[in-house]
Amino acid sequence: MAKIHANNGKKWTGSDLGKLKELANKNTPTGLISWNLKRSEDAVRTKASDEGISLKPTNQSPYNRRK
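Here the structure is a predicted model, which is why all the values come from computation and not from measurement.

Engineer: Is there a simple way to think about helix α1 (residues 14-25) in this case?
Structural biologist: Residues spaced three or four apart along an α-helix point in a common direction, a consequence of the helix completing one turn every 3.6 residues. Here α1 is twelve residues long and its end C-alpha atoms lie 16 Å apart, about the 16 Å a rise of 1.5 Å per residue gives. Among all positions in α1, only Asp-16, Leu-17, Leu-20, Leu-23 and Ala-24 are buried. Summarising the axial view, the buried residues of α1 lie within an arc of 135°, below the 170-degree limit, and thus occupy one face. Opposite the packed face of α1, turned more than 90 degrees from it, sit the exposed residues Gly-14 and Asn-25. Buried residues in α1 make contact with α2 (30-37) and α3 (41-51). Following α1 by one or two positions, Asn-27 has its phi on the positive side, about 65°.

Right, here's the structure in full:
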């Protein structure tokens, strides 16, 4: 059975969009973004696409690891 998220079906607020942009700019994995926003990964991907926000990882680690 699919997991139902707390914000399932709710409209995106300006605060939600701000968090999405901030987390995407920090190279945060989509799974963690969805967890932080309490939305499904598909919902996060769809909204990011609609808003023109790239979720593609950059060449940097999101965890600031040293090599």
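After that view, the rundown keeps rolling.
Engineer: Sorry if this is basic, but what is going on with the pattern of salt bridges here?
Structural biologist: Should their charged atoms come close, side chains of opposite charge can pair. Scanning all chains against the criterion turns up five salt bridges. Of the charged contacts, one joins Lys-26 and Glu-22 as a salt bridge, the two residues approaching to 3.1 Å between their closest N and O atoms. Put simply, Arg-45 and Glu-41 hold a salt bridge, and the shortest N to O gap is 2.9 Å. In this pair, Arg-45 and Glu-41 are both assigned in helix α3, four residues apart and thus about one turn of the helix distant. Put simply, Glu-41, Asp-42 and Arg-45 are held in one network by salt bridges that share partners.

Engineer: Just to check I follow, could you spell out the environment of Gly-52 for this structure?
Structural biologist: For Gly-52, the position within the fold is in the segment after α3. The exposure class assigned to Gly-52 is exposed, which follows from its relative accessible area of 66%. In the structure, Gly-52 is positioned 31 residues away from Lys-21 in sequence and 9.9 Å away in space, judged by C-alpha atoms.

Engineer: Mind showing me how you'd approach the packing of α1 against α2 here?
Structural biologist: Helix packing for two helices is described by the angle between their axes and how far apart those axes are. Running from N to C, α1 and α2 cross one another at 155°; their axes reach a closest spacing of 10 Å. Considered as vectors, α1 and α2 are oriented roughly antiparallel to each other. Between α1 and α2 the crossing geometry is right-handed. Taken together, the residues of α2 that come into contact with α1 (itself represented by Asp-16, Lys-19, Leu-20, Leu-23 and Ala-24) are Ile-33, Asn-36 and Leu-37. Among the residues making up the contact of α1 with α2, the classes are represented as five nonpolar, one polar and two charged.

Criteria and thresholds
Residues numbered from 1 in each chain as written. Predicted model: local features only at pLDDT ≥ 70, side-chain atom pairs only at ≥ 80, totals over all residues. Heavy atoms only, no water. Helix = DSSP H or I, 4+ residues; strand = E, 2+ residues; numbered from the N terminus. Expected span 1.5 Å × (residues − 1). Buried < 20%, exposed > 50% of the residue type's maximum accessible area, 1.4 Å probe, protein only. Arc of directions from axis to C-beta. Contact = heavy atoms within 4.5 Å. Salt bridge = Lys/Arg side-chain N within 4 Å of Asp/Glu carboxyl O. Axes fitted to C-alpha atoms, helices over the stretch in contact; angles between N-to-C directions. Parallel < 35°, antiparallel > 145°, perpendicular 65-115°, else oblique. Left-handed = near helix turned anticlockwise from the far one by under 90°. Nonpolar A, V, L, I, M, F, W, Y, C, P; charged D, E, K, R; others polar.

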